[in-house]
Structures are given as C-alpha cells and as structure tokens.
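# Close look at the chain arrangement
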Amino acid sequence: MLVLGIETSCDETAAAVVEDNGHRWSIRSNIVASQVEIHREWGGVVPELASRQHVRDICGVVERALADGGAGWRGVDALAVTQGPGLVGSLLVGVSFAKAAAWSLNKPLVAVNHLAGHIESIWLEHGPIALPAIVLVVSGGHTSLYLVKREGEYELLGRTRDDAAGEAYDKVAKLLSLGYPGGPIIDRLAKDGNETAIRWPGTRLTNPDRNAPERDGRFDFSFSGLKTAVLRHVRQRQAELGVEQLPHQEIVDLAASFQRRVVETLIERAFAAARWHGAKSIGIAGGVSANSRLRSEALAKAQRSEIPVYIPRLSLSTDNAAMIAAAGIRQLRAGRIAPADLNAVAALAL
Ligand code: KG4
Ligand code: ZN
C-alpha cells in the first residue's frame with residue numbers, strides 16, 4: 001500500500017510517499033520545500049507569509065514526491081495530512097489540498113496529529129522497537145514526553161510549562177544576533193565553547209501544572225527560567241563591556257553552556273521517565289533531536305544504562321511528510337478515515 005503524506009503545519013511544505021508492506025514501512029520519496037530563507041529576514045516565522053508560500057509550493061512539492069516515489073496520482077492508495085497543531089493558515093493549505101485530491105481520486109484521507117508524526121518517525125526509521133517505550137518529542141513548538149505501551153497509542157507523561165526547547169534555542173540565538181533558526185547555529189558554535197564557563201540556575205518543578213492538575217508534574221519541563229537567565233547574563237556583560245555584540249569567545253562559551261543545560265535536562269527527564277515506567281526503549285524525535293550533543297549524549301547514556309535509544313536520521317527529525325504518512329498508516333489500520341468536512345485545528349491535542 002502506498003500512502004501520500006502532506007505536511008504544511010509551519011514553514012516547510014512537504015510531501016512524501018511511504019510504502020506499507022505489512023510489517024515494515026519504506027520511504028519511496030520525501031520532499032521538503034523550506035521557507036527558512038523567507039522568514040530569516042524577520043527573525044522568525046511570519047504566519048501570513050508562510051501560508052502564502054505553501055499555496056505557491058504545494059502543487060510542485062506533491063507532484064515531485066509522486067514522481068520520485070514512482071507512484072503517480074493513480075498509484076497512491078490513501079492520503080494522510082497534518083490536521084494540527086500548527087499555524088492555522090498554513091495547516092489549511094495542506095488540509096484543503098489533501099481533501100480535494102482525495103475526493104477527486106476517490107481515495108481515503110486520514111487526518112494526522114503533527115506530534116504523532118514526530119513520534120512515528122522513530123518507527124519509520126527503526127521499525128518496531130521494544131515496548132513500553134518512552135518518546136521525547138522536542139521541537140520548536142513542543143517538548144513532551146509520551147509513554148507508548150502499544151504501537152500507535154500515546155500517553156502524555158509531561159510537557160513544557162512554558163517555552164519549548166527549540167523555542168529557547170531560537171530566542172537565545174536571536175538575543176545574541178546569531179540568526180534564524182537558532183538551534184543549528186548554537187549547536188555549531190557550541191562545539192568550540194567551554195561548556196562549564198557559565199553556571200546557569202537549575203529549574204525544579206515541584207508544584208503540579210495548574211493547567212493539568214490531574215497529571216503529576218514530575219516529568220514536566222520549563223525553559224523560560226534558563227532563557228531569562230541568559231538574557232540577564234547577556235545584558236550584564238554588554239553593560240560591563242560597553243558593547244552591543246559580545247566577544248566571539250564569550251558567545252561560544254555561552255552557547256556551549258546553554259546547550260549543555262538544555263541537553264542534560266532533556267536526557268535526565270527522558271531516562272527518569274523510562275526508569276519510572278519500566279520502559280524497554282527510548283525514542284527521541286522532533287527538530288531538536290537533530291542536535292549533535294543531544295544525539296551523542298543520549299546514545300552514550302543508552303550504553304551505560306542498557307536502555308536502547310532510537311533517534312531518526314536528520315531528515316526525519318525536522319519537519320517532513322514521510323512521518324505524516326507513517327502516522328497516517330496507523331490511522332488507516334485503525335480504520336479512522338477523515339470526514340469530507342475535515343478542518344484544520346491549530347491547537348489539536350494528542
Ligand atoms: O520539528 P521542527 O522542524 O518544527 C516544529 O515542529 O517545531 O523543529 C524546529 C526546531 C527549531 O526550534 C530549531 O531551532 C530546532 O528545531 N533545531 C535544533 C537543531 N536543528 C533544528 N535545535 C538544536 N540543535 C539543532 N541541531
Ligand atoms: Zn515539527
């Protein structure tokens with residue numbers, strides 16, 4: 001069975017063809033048109049510009065995915081589209097396109113939660129992993145821990161109370177005038193820095209989440225305190241030195257120590273959740289899982305603790321449509337076909 005996945009939740013227009021042969025999924029094509037050059041000028045994603053660019057790109061991206069995937073419109077058995085969460089104008093482009101295509105081809109359409117897509121990128125890359133598994137989804141919009149007891153079923157264990165990890169990366173990079181998106185830039189600079197140069201205050205969450213009092217907050221995250229500490233540090237050093245731009249070595253030291261703190265927090269919480277729930281494996285997905293330090297530290301800790309860690313390749317870590325097709329296959333298997341009046345939902349819950 002061939003599934004065409006379509007993803008337009010933020011600033012990448014993406015389409016992919018994924019084959020399901022019963023026990024393993026294989027990627028036939030995976031096309032991403034990034035808008036990063038458009039948004040870079042503004043230091044972040046401008047929603048209206050994003051939706052307009054999706055409209056321009058979507059036909060070409062889908063046709064390219066179909067051609068590269070050796071499928072063609074008639075060769076596709078089903079379509080999967082990201083319904084949310086994301087920017088509503090951006091989501092609507094993908095949802096409208098997918099509904100029209102499914103209707104005209106008379107093929108089933110399934111609606112996919114973007115976070116389910118990130119989670120399934122682990123299964124897409126590695127095949128079935130030992131269950132129960134803990135999955136950390138860490139991206140520009142989300143930092144959440146899930147327990148997966150059965151394939152395709154996700155139980156939320158914790159999430160960020162404020163900023164997502166990727167958002168903290170992007171904001172710190174913006175503060176230091178390093179450019180956009182900040183994650184890959186800080187990752188690169190951190191390699192030359194002294195990670196112990198700056199000691200950031202720790203974050204301890206002892207109170208339950210006011211927005212979800214039923215969940216015990218032990219596996220929640222918070223990155224806004226760290227972001228504020230970085231802001232204060234930078235302002236203080238700018239005043240002391242009487243400069244706008246800090247010396248290069250100070251910036252790389254800051255990048256290294258900031259990155260160390262973020263990565264430590266993510267790994268500590270994921271492994272704590274794995275121990276608490278007796279998990280047999282850990283998966284890490286989402287844009288920040290492209291981070292070189294997070295990847296190497298998590299794999300090193302996996303060896304020490306004997307819990308295997310699975311991370312998808314870089315092209316499946318950041319936003320893509322192959323993961324949406326994979327999550328769509330789960331929906332198809334469960335028989336959850338989208339209605340003809342499917343709508344985009346900006347704050348869709350998982
Ligand atoms: O999953 P994604 O492509 O989009 C969302 O669903 O948000 O994640 C984008 C986020 C951005 O915040 C970006 O700065 C971050 O992932 N990111 C990284 C790296 N590559 C991308 N963060 C840290 N290190 C990286 N190498
Ligand atoms: Zn994403």
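Look up: the structure comes first, before these words.
Residues numbered from 1 in each chain as written. Chains lettered and ligands numbered in written order. Predicted model: local features only at pLDDT ≥ 70, side-chain atom pairs only at ≥ 80, totals over all residues. Heavy atoms only, no water.

## Examining the sheet that holds strand S8 (residues 155–159)
Taking strand neighbours across the sheet as the criterion, the five strands line up as S8-S7-S6-S9-S10 in an open arrangement whose pairing is mixed. For this open sheet the edge positions go to S8 and strand S10 (309–310), each flanked by a neighbour on one side alone. Lying on the sheet, helix H5 (residues 114–126) is in contact with strand S6 (133–138), strand S7 (143–148), strand S9 (281–285) and S10; it crosses S6 at an angle near 120°. (Pairing = 2+ DSSP bridges. Helix = DSSP H or I, 4+ residues; strand = E, 2+ residues; numbered from the N terminus. Contact = heavy atoms within 4.5 Å. Axes fitted to C-alpha atoms, helices over the stretch in contact; angles between N-to-C directions.)

## Re the site of ligand 1
Taken together, 19 residues are adjacent to ligand 1, and Gly140, Asp170, Asp187, Gly287 and Asn291 come closest. Contact between ligand 1 and His118: an oxygen atom at 3.2 Å from a side-chain N or O atom of the residue. In the environment of ligand 1, an oxygen atom lies 3.2 Å from a nitrogen or oxygen atom belonging to the backbone of Gly166. For ligand 1, whose unbound accessible area comes to 550 Å², protein coverage reaches 88%. Contributing elements (two or more residues each) for the shell around ligand 1: H5, helix H6 (165–175) and helix H7 (182–190). Each of two domains, domain 1 (2–118 + 317–333) and domain 2 (130–307), supplies a minimum of three residues to the shell around ligand 1. (Near = heavy atom within 4 Å. Polar contact = N/O pair within 3.5 Å; in protein donor to acceptor, adjacent residues only side chain to side chain. Areas by Shrake-Rupley, 256 points an atom, 1.4 Å probe, with all protein chains shown as cover. Domains from an automatic or database assignment.)

## Considerations on the coordination of the zinc ion (ligand 2)
The protein atoms that coordinate the zinc ion (ligand 2) are His114 (NE2), His118 (NE2) and Asp319 (OD), at distances spanning 2.0 to 2.1 Å. Donor residues binding the zinc ion (ligand 2) come from one chain and are separated in sequence as H-x3-H-x200-D. Taken together, the positions of His114 in helix H5 and Asp319 in the loop between helix H11 (314–317) and helix H12 (322–333) put the pair 205 residues apart, joining distant regions of the chain. (Donors = N, O, S within 2.8 Å, 3.2 Å for Na, K, Ca; no water.)

## Here's the deal with the pattern of salt bridges
Under the defined criterion, the tally for this structure stands at 21 salt bridges. Among the ionic pairs, Glu120 bridges to Arg330, the shortest N-O distance being 3.0 Å. Of the two residues, Glu120 is situated in helix H5 and Arg330 in helix H12; the sequence distance between them amounts to 210 residues. In this structure, Asp220 engages Arg161 in a salt bridge whose closest nitrogen and oxygen atoms are separated by 2.7 Å. Highlighted residues: Asp220 in the loop between H7 and helix H8 (224–241) and Arg161 in the loop between S8 and H6, separated in sequence by 59 residues. Among the residues examined, Asp220 registers a relative accessible area of 0% and is labelled buried. If you follow the salt bridges from partner to partner, you end up with Glu195, Arg260, Glu264, Arg293 and Glu297 in one network. (Salt bridge = Lys/Arg side-chain N within 4 Å of Asp/Glu carboxyl O. Buried < 20%, exposed > 50% of the residue type's maximum accessible area, 1.4 Å probe, protein only.)

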